[in-house]
Amino acid sequence: MEAPASPFDTLLYNVDADGIAVITLNRPDKLNAINTQVLADLQRAFRQTRSDERVRGVVLTGSGEKAFAAGADIAEFTDLDALEGHRFALRGQAILTSIENSPKPVVAAVNGYALGGGCELALACHLRVASENAQFGLPEVGLGLIPGYGGTQRLPRLVGQGLATEMILTGDRITAERAHAIGLVNHVTPSSDLLAKAQEIVGTIVSKAPLAVAMALNALRSVDLPQAQGLQMEAALFGQACGTEDFQEGVHAFLNKQKPEFSGR
Ligand code: CAA
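In this text the structure is predicted, and so the values were computed from the model without any measurement.

Of all the five residues making up strand β5 (residues 106–110), five are buried; the element is thus mostly covered by neighbouring parts of the structure. Of the two faces of β5, the one carrying V106, A108 and V110 and the one carrying V107 and A109 are both buried. The pairing of strand β3 (residues 57–62) with β5 spans four bridges and is parallel. Bridge pairing links V58 to V106 in β5. In terms of strand pairing, β5 meets strand β7 (residues 127–131) through four bridges, oriented parallel. What sits directly across from V110, in β7, is A130.

See below:
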């Protein structure tokens, strides 16, 4: 039987039986470079993951064996001037930030090159799993640019200022193994196991209380606040969690040595 046509020009979108949406960047002949259409499709696809009640978590990956995404589509750069460049960065940032703000967990399965905007897209996901052949880099300075989809902000927060500065100023690519050693990725797997590993992680997360997962993501996003404010935020969210039916269920199940059945309320 033929697979149903994708509703997106540049993405494949499938929801499996466990409610995990697998979104695949699908321009393999251009190493999944992120053009205007890809950004628009990503925006629409992630809106769909929010509104579709079947979807409990997301895996984002790239098609083909070479690339997750080799960056923003350089073929679209010829008309960029100072004003258009600013708009270009703001638009990409907004869409990647909406991915980061997803209340449902998003895991990047990085199956090859994650360069420039492709690396930044992986950084906007909540967790990253990489295949052994993956390579990460921010080569923008070699194009007379700087990272514009959040790389100067998210990379230092993840791996520290020194390592981020080196990657951004040299443009050098690093291997999956090195990315793992510096905390850029959570796990490295053989290519053949990559998707299954990402699905396994999302599967574990979505077996927990969905509102608690969303609240934890929310609290984790507050690490940039001064600590006293972050603690206030954590306490407020903890209180909200205590008001949910899932909290009652989780405690009741523990005390009765049962498996909790979370309803997402
Ligand atoms: N934009 C547009 N097209 C791209 C692309 C990109 N970022 N990366 C690869 N492609 C295209 C190539 O032009 C080529 O197309 P054709 O077959 O039509 O010529 C095809 O994908 C295959 O690529 P290569 O032949 O170059 O493959 P390779 O194996 O020899 O090299 C690579 C792979 C090292 C990743 C090389 O393609 C490369 O350096 N790509 C550009 C990486 C880059 O600079 N990314 C940053 C972009 S700027 C950015 O992202 C700004 C931002 O912060 C938002």
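Now that the structure is up, let's keep going.
Moving on to the domain arrangement of the chain. Taken as a whole, the chain is organised into domain 1 (11–206) and domain 2 (210–255). Between the C-alpha centres of domain 1 and domain 2 there is a distance of 27 Å. Each side of the interface is counted separately: domain 1 has nine residues, and domain 2 has five residues. Overall, the association of domain 1 and domain 2 removes approximately 520 Å² of surface from exposure, summing both partners, and the carbon and sulfur fraction of that is 56%. The interface formed by domain 1 and domain 2 contains one salt bridge. Between D224 and R157 there is a salt bridge, with the nearest N and O atoms lying 2.8 Å from each other. Our count for the contact surface shared by domain 1 and domain 2 stands at three residue pairs in polar contact (both at pLDDT 80 or more). Class assignment for the residues of the side of domain 1 that touches domain 2 results in three nonpolar, three polar and three charged.

The topology assignment puts S207 in the loop between α7 (194–206) and α8 (210–220). Residue classification places S207 among the partly exposed residues on the basis of a relative accessible area of 46%. Between the C-alpha atoms of S207 and R157, which are 50 residues apart in sequence, the distance is 28 Å.

Another aspect to go through is the sheet that holds β7. Reading across from one edge, β1-β2-β3-β5-β7-β10 is the order of the six strands in this open sheet, with mixed pairing throughout. The two strands at the open ends of the sheet, each matched to only one other strand, are β1 (11–15) and β10 (187–189). Looking at each pair of strands side by side, their axes are set apart by 20° on average, direction ignored.

In this section: the environment of T10. Counting through the fold element by element, T10 comes out in the segment before β1. A relative accessible area of 8% places T10 in the buried class. Taking C-alpha positions, T10 is 25 Å from R154, a pair spaced 144 residues apart along the chain.

Conventions and cut-offs
- Residues numbered from 1 in each chain as written.
- Predicted model: local features only at pLDDT ≥ 70, side-chain atom pairs only at ≥ 80, totals over all residues.
- Heavy atoms only, no water.
- Buried < 20%, exposed > 50% of the residue type's maximum accessible area, 1.4 Å probe, protein only.
- Helix = DSSP H or I, 4+ residues; strand = E, 2+ residues; numbered from the N terminus.
- Pairing = 2+ DSSP bridges.
- Domains from an automatic or database assignment.
- Contact = heavy atoms within 4.5 Å.
- Buried area = accessible area lost by both parts, 1.4 Å probe.
- Salt bridge = Lys/Arg side-chain N within 4 Å of Asp/Glu carboxyl O.
- Polar contact = N/O pair within 3.5 Å; in protein donor to acceptor, adjacent residues only side chain to side chain.
- Nonpolar A, V, L, I, M, F, W, Y, C, P; charged D, E, K, R; others polar.
- Axes fitted to C-alpha atoms, helices over the stretch in contact; angles between N-to-C directions.

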